[in-house]
Amino acid sequence: MAINRKVQTLDEFTLQQLRDFPQATGELSNLLRDIGLAAKRINVEVNKAGLVDILGDYGTTNVQGEEVKKLDIFANNQMMGVLQHGVSCAGIGSEEMDEFVVFNDEISNKSKYVCLFDPLDGSSNIDVNVSIGTIFSVYRRVSELGKPATEADFLQPGNKQVAAGYVVYGSSTMLVYATRRGVNGFTLDPSIGEFTLSHPDIKCPPNGKLYSVNHGNFFKYEEPVKAYITACQKKDKTNGGPYTQRYIASMVADVHRNLIKGGIFMYPGTSDRPEGKLRLLYECNPFAFIMEVAGGKASNGKQRVLDIVPTKLHQRTPFFVGSIEMMQELETYLKPE
Ligand code: P6P
């Protein structure tokens with residue numbers, strides 16, 4: 001009987017990747033499998049959020065001063081739980097926790113990696129059934145193996161990421177992750193409870209017609225940003241348009257769409273929040289890494305996001321990411337020669 005190798009699970013794919021790296025220990029494959037397990041558990045709760053009393057505010061506010069939804073806490077605990085009980089991660093940083101968490105046990109201290117994540121991004125959309133997501137970023141430790149992870153392990157520039165990815169809980173649940181070898185997407189098959197390879201070797205189209213930005217902040221953007229947005233609105237058949245504005249205020253869904261179809265996503269700084277809203281370590285760096293591996297580009301308006309040297313776990317940055325030709329046109333507005 002012919003073996004159907006077309007259906008490849010996440011585990012099979014990551015283990016097959018190992019074959020090309022005989023010296024690899026398999027720790028990164030283990031870590032990705034752990035994240036896949038957490039994602040399946042989060043998916044179950046997200047899918048039934050409207051059915052049980054898991055909606056509504058948890059009654060506390062996170063370090064960002066935002067109301068915390070119960071699903072945020074659940075998702076955070078799932079991600080932390082699988083990574084702490086795995087054998088690949090020495091510690092984590094999470095949007096939902098004020099400080100880094102160093103696991104500091106004998107097995108974890110020997111682990112090669114640390115992980116930063118936003119366990120459930122877009123949580124304000126939970127109650128209205130709009131797609132939300134998990135975002136993660138993986139670094140090789142710079143501290144001594146066998147000892148507890150240190151802050152230096154977490155505050156590395158994004159260009160040191162060994163892997164990054166996201167899960168989008170939408171019309172279907174997809175896990176997309178990048179290593180330097182490529183970006184691959186896996187769709188959850190509920191009939192077997194496995195993420196199966198559905199989008200091999202994702203490339204971001206070099207150009208597109210979608211632009212994503214919160215127009216409600218338009219008059220608070222800097223003039224060059226307003227000029228670019230206005231140019232997007234004026235595109236027509238004669239200059240690469242017309243463009244369509246698509247923005248559902250859920251970063252994972254907005255950036256995922258633009259990655260697949262081609263487009264640009266912007267969360268600029270504003271007059272009242274010059275650093276913008278999005279966090280560098282567990283929102284912008286992962287998507288910048290994924291987009292660059294897929295052939296796109298990501299900047300903070302002045303420099304490559306992946307070159308920013310972080311100083312704080314929850315620091316924010318203005319963020320522009322997407323198709324390389326659209327990003328190059330944006331840069332003619334932001335950094336005129
Ligand atoms: P605004 C969700 O809260 C989030 O962090 C991102 O997912 C999203 O892109 C952004 O904030 C939306 O922010 O200010 O446009 O509502």
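All values derive from a computational prediction rather than experimental measurement.

Criteria and cut-off values
- Residues numbered from 1 in each chain as written.
- Predicted model: local features only at pLDDT ≥ 70, side-chain atom pairs only at ≥ 80, totals over all residues.
- Heavy atoms only, no water.
- Domains from an automatic or database assignment.
- Contact = heavy atoms within 4.5 Å.
- Buried area = accessible area lost by both parts, 1.4 Å probe.
- Salt bridge = Lys/Arg side-chain N within 4 Å of Asp/Glu carboxyl O.
- Polar contact = N/O pair within 3.5 Å; in protein donor to acceptor, adjacent residues only side chain to side chain.
- Helix = DSSP H or I, 4+ residues; strand = E, 2+ residues; numbered from the N terminus.
- Nonpolar A, V, L, I, M, F, W, Y, C, P; charged D, E, K, R; others polar.
- Buried < 20%, exposed > 50% of the residue type's maximum accessible area, 1.4 Å probe, protein only.
- Pairing = 2+ DSSP bridges.
- Core = buried A, V, L, I, M, F, W, Y, C linked by side-chain atoms within 4.5 Å.
- Expected span 1.5 Å × (residues − 1).
- Axes fitted to C-alpha atoms, helices over the stretch in contact; angles between N-to-C directions.
- Phe/Tyr/Trp six-rings, centres within 6.5 Å; stacked < 30°, edge-to-face > 60°.

This part covers the domain arrangement of the protein chain. Taken domain by domain, the protein chain holds domain 1 (10–199) and domain 2 (210–334). Its C-alpha centre places domain 1 at a distance of 23 Å from the equivalent point of domain 2. Every contact between the two is made by 47 residues of domain 1 and, on the other side, 31 residues of domain 2. Summed over both partners, the interface of domain 1 with domain 2 comes to about 2700 Å²; 66% of that surface belongs to carbon and sulfur atoms. Where domain 1 packs against domain 2, one counts one salt bridge. Run the count over domain 1 and domain 2 and you get ten residue pairs in polar contact (both at pLDDT 80 or more). At the level of secondary structure, the elements contributing two or more residues to the side of domain 1 that touches domain 2 comprise strand S3 (89–94), strand S5 (113–121), strand S6 (132–140), strand S7 (161–169), strand S8 (173–179) and strand S9 (182–189). At eight residues, S7 tops the list of elements feeding residues into the side of domain 1 that touches domain 2. Residue composition of the side of domain 1 that touches domain 2, by class: 23 nonpolar, 17 polar and seven charged.

Within S6, eight of the nine residues are buried, which leaves it mostly tucked inside the rest of the structure. Here S6 runs beside S7; their pairing, made up of eight bridges, is antiparallel. The residue of S7 that forms the bridge with Ser137 is Ala164.

Turning next to the nonpolar core. Counting 37 residues, the largest nonpolar core has Leu83, Ile92, Cys115, Leu120, Phe136 and Val138 as its most contacted members. Discounting chain neighbours no more than four positions away, the residues touching Phe136 are Leu32, Ile35, Met79, Cys115, Leu116, Phe117, Ala164, Gly165, Tyr166, Val176, Tyr177 and Pro286. Listed in part, the 32 residues of the second largest apolar core include Cys204, Cys284, Ile290 and Ile308.

Pairing in this open sheet of five strands is mixed, and the strands run S12-S11-S13-S15-S14 from one edge to the other. The sheet is open, and its two edges are formed by strand S12 (244–245) and strand S14 (297–299), each paired on a single side. As paired elements, S14 and strand S15 (residues 319–322) share three bridges and run antiparallel to each other. Its bridge partner lying in S15, Ala298 is registered against Val321.

Over its twelve residues, helix H6 (residues 223–234) runs 16 Å from end to end, which matches the ideal 16 Å to within 8%, given 1.5 Å per residue. Burial in H6 covers these residues: Val225, Lys226, Tyr228, Ile229, Ala231 and Cys232. At its buried positions, H6 is contacted by strand S11 (210–212), strand S13 (264–267), S15 and helix H9 (324–334).

This brings us to the pattern of salt bridges. Applying the stated criterion across every chain, the model contains 14 salt bridges. Close ionic contact of Lys297 with Glu331 constitutes a salt bridge, the shortest N to O distance being 2.9 Å. Here the residue Lys297 occupies a position in strand S14, and Glu331 occupies one in helix H9, the gap between them amounting to 34 residues. Relative accessible area serves as the criterion here: at 27%, Lys297 is assigned to the partly exposed category.

So, on to the sheet that holds S9. Ordered by their spatial adjacency, eight strands build an open sheet running S4-S3-S5-S6-S7-S8-S9-S10, and the pairing between neighbours is mixed. Each edge of the open sheet carries a strand with a single partner, namely strand S4 (101–102) and strand S10 (194–199). Packing of helix H8 (residues 280–293) onto the sheet brings it into contact with S3, S5, S6, S7, S8 and S9, and relative to S7 it is tilted by some 100°.

The next point concerns the side chain of His314. Here His314 shows up in the loop between S14 and S15. A polar contact of 3.3 Å, which involves the side chain of His314, links it to the backbone oxygen of Asp98.

Glancing now at the packing of aromatic side chains. Within the structure shown, the criterion is met by nine aromatic pairs. With 6.4 Å between their ring centres and 80° between their planes, Phe13 and Tyr177 make a pair best called edge-to-face. Residue Phe13 is located in helix H1 (residues 10–19), and its partner Tyr177 is located in strand S8; the two are separated by 164 residues in the primary sequence. In this structure, Phe13 and Tyr177 share a single accessibility class: buried. Ring geometry for Tyr228 and Tyr333: centres 5.6 Å apart, planes at 70°, overall edge-to-face. Here the residue Tyr228 occupies a position in helix H6, and Tyr333 occupies one in helix H9, the gap between them amounting to 105 residues. Ring-pair connections join several aromatic residues into one group, and the members of that group are Phe13, Tyr177 and Phe186.

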